Each structure stands twice: as C-alpha cells, then as structure tokens.
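Chain by chain, the residues run as shown.
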Amino acid sequence: MRFVSALVALLLMPLVAWATPAFDGASNGMSSAVTTTLTISHTVTSNANGLLTVCAGSAGVAGFATGITYNGVALTKAGEISINAQRFVGLWYLKLPATGTNNIVITYAALNNNGVIGGGGVSFTAVDQTTPVSNVATASGTSTSSSVTVTSPSGAMVNDCEWDQNGAVAPTSGATQRWSQVDGTWTSDGNGSATSTAVNPTMTWTWNGSSTPWLAVGMSLNAVSAVTRHRVISGQ
C-alpha cells in the first residue's frame, strides 16, 4: 500500500538585512579668537536614516563644549574627557540632520583667551534611528600617539574624535581620516576624526615630535535594519 501525502504551505518569513553606515560628508574649523562660540559650515547631501556627529575640543580656558547646534537644532552629547584641566574634547550627535549647507555652532563653557577652540562634523547615512550610537569609549595619556578602543560589531561603523598637543598627523592603517587640522597661532595642538568598519577597532593617531598629552573619544554607529519578506513554498 502506497501512502501518498501532499502538503503545500505558504509562508511569509521575515529576514533582517543590515546596511553598514555610510559616509556622507565632513567639515572642520579652528579658531584662536576671543569668543565662546565656533561656527563651522557643514553640508549634508543625504539624511536617509542620517546621523551627524560633531567633535568639539579646546586647549586653554574655554573648557568643554556646553552645547552644539546644527541648523538651530540641538545635538546630544555622547561622551567627553579632559586632561590636566588644560585640554578638553567631546563627541556629540544628531539624528536626521537637515540636508543642505547649514552651520554647526559650538558653544564653550568660557571665553577662549590665549588658547584655541576647534572641531568638526561628519555626517552619515544608514544609521539606526532608535539607538544610533553605543559603546562610547574615552581615553587619555601622554605619549607619541593616541588610541581608544571601541566595542563595535560587524556591520557597524566606529567614529572617533582626537585632540593632542603636538598636531595630529593621521590615523593608522585600518581607519579612514575624515578630517584633521593643526593650530598654528597660540599652540601646535592637533585635532581630527576618523572612521572604521572593523570589529572592535583601536583608533590610533600618530604625530611627529615628542611625547605630549592627548585625548580621544570614540563610539559605535549602529547599522539600520531592513526587514524583507520572502515567499517560501514547500511541498511533498
């Protein structure tokens, strides 16, 4: 006796795909002017699941940034660190920044006097809008290079913010420099930002010259997820 069975099922199976955050644009600026604010023009080309990060630092009496806006919208502080009460750096972010060219305005705790304030912005697409950033890490020291290790899974992107007393030259291999600048007025301080798609990367910057104080902040930018549905038909 032959037993014949047939079963036809129509299933909708959700599959989650992850899109790695992508670079959109960068900007930076430094000033030795006697002021409490620094204005940097930044262009966002696309804000599809967009994110803007801003690195803000200072050397001297200006201190930490107390607030940052882009196109008049306030950013959220992710993390900050200081060393020797003389150098300060922090990393901030904003979801869905306005497209076009608008101003980043960084406000500092005190008047910049005989010092330097500096920073820059990096915009991204394909960043998760519920939890855009995670695993914020800070580090500081005195040496001929700076480094901060950020916990970051496959598919995410790490963004860092570095400040040193002797002029940032470039990040080491494995990271992509997004901007870098060196003050030549009151100090020789350097400041920069880079990205990496490596898992748990150590973001390292090197410079020419002697061992000097440095600070770094880094964070993981979480990938946006897209749920797709596939029709699966099985039978026997």
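Residues numbered from 1 in each chain as written. Predicted model: local features only at pLDDT ≥ 70, side-chain atom pairs only at ≥ 80, totals over all residues. Heavy atoms only, no water.

Visitor: Account for the environment of Gly192, naming residues and giving values.
Guide: Position of Gly192 among the secondary structure elements: in strand E16 (residues 190-196). A sequence separation of twelve residues divides Gly192 from Ser180, and the C-alpha atoms of the two residues are 4.1 Å apart. Excluding its chain neighbours within four sequence positions, the residues that come into contact with Gly192 are Asp160, Cys161, Glu162, Trp179, Ser180 and Trp205. (Helix = DSSP H or I, 4+ residues; strand = E, 2+ residues; numbered from the N terminus. Contact = heavy atoms within 4.5 Å.)

Visitor: Run through the packing of aromatic side chains, naming residues and quoting values.
Guide: Summed over the entire model, instances satisfying the criterion amount to one aromatic pair. Seen in terms of ring centroids, Phe64 and Phe88 are 5.0 Å apart; in terms of plane orientation they differ by 75°. Their pairing is edge-to-face. One end of the pair, Phe64, is in the loop between strand E4 (51-59) and strand E5 (65-70); the other, Phe88, is in strand E8 (residues 87-95), and 24 residues separate them in sequence. Under the relative-accessibility criterion, Phe64 is labelled partly exposed at 23%. Seen from the ring of Phe23, Arg178 lies directly overhead, with NZ or CZ sitting 4.0 Å from the centre. (Phe/Tyr/Trp six-rings, centres within 6.5 Å; stacked < 30°, edge-to-face > 60°. Buried < 20%, exposed > 50% of the residue type's maximum accessible area, 1.4 Å probe, protein only. Lys NZ or Arg CZ within 6 Å of the ring centre and 35° of its normal.)

Visitor: Outline the pairing of E5, listing residues and values.
Guide: Looking at chain direction, E5 and strand E9 (residues 100-108) are connected through five bridges and run antiparallel. Its bridge partner being in E9, Gly67 is matched across the sheet by Thr107. Note that E5 and strand E6 (residues 73-74) share two bridges and pair antiparallel. Within E6, the residue paired with Tyr70 across the bridge is Val73. Adjacent in sequence and paired antiparallel, E5 and E6 are bridged by two residues, among which Asn71 carries a positive phi angle near 55°. (Pairing = 2+ DSSP bridges.)

Visitor: Would you mind going over the sheet that holds strand E18 (residues 212-221) in detail, with residue names and values included?
Guide: Strand order in this open sheet of five strands is E11-E18-E13-E16-E15, and the pairing throughout is antiparallel. Strand pairing shows two members of the sheet lacking a second neighbour, strand E11 (133-143) and strand E15 (176-182), which therefore form its edges. Averaged over all neighbouring strand pairs, the angle between strand axes comes to 10°, with direction disregarded. (Axes fitted to C-alpha atoms, helices over the stretch in contact; angles between N-to-C directions.)

Visitor: Residues and numbers for the pattern of salt bridges, please.
Guide: Enumeration according to the criterion identifies two salt bridges in this entry. A salt bridge links Lys77 to Glu80, with the shortest nitrogen-to-oxygen separation between them at 3.3 Å. Asp189 is the partner of Arg87 in a salt bridge, and the nearest nitrogen-oxygen pair spans 2.6 Å. Of this pair, Arg87 sits in strand E8 while Asp189 is found in the loop between E15 and E16, placing the two residues 102 residues apart along the sequence. (Salt bridge = Lys/Arg side-chain N within 4 Å of Asp/Glu carboxyl O.)

Visitor: Break down the sheet that holds E4 for me, with residues and values.
Guide: Strand order in the open sheet made by the five strands is E2-E10-E4-E8-E7, with antiparallel pairing throughout. Only two strands of the sheet have a single partner each, and these edge strands are strand E2 (22-31) and strand E7 (76-83). With strand direction ignored, the average angle separating the axes of adjacent strands in the sheet is 10°.

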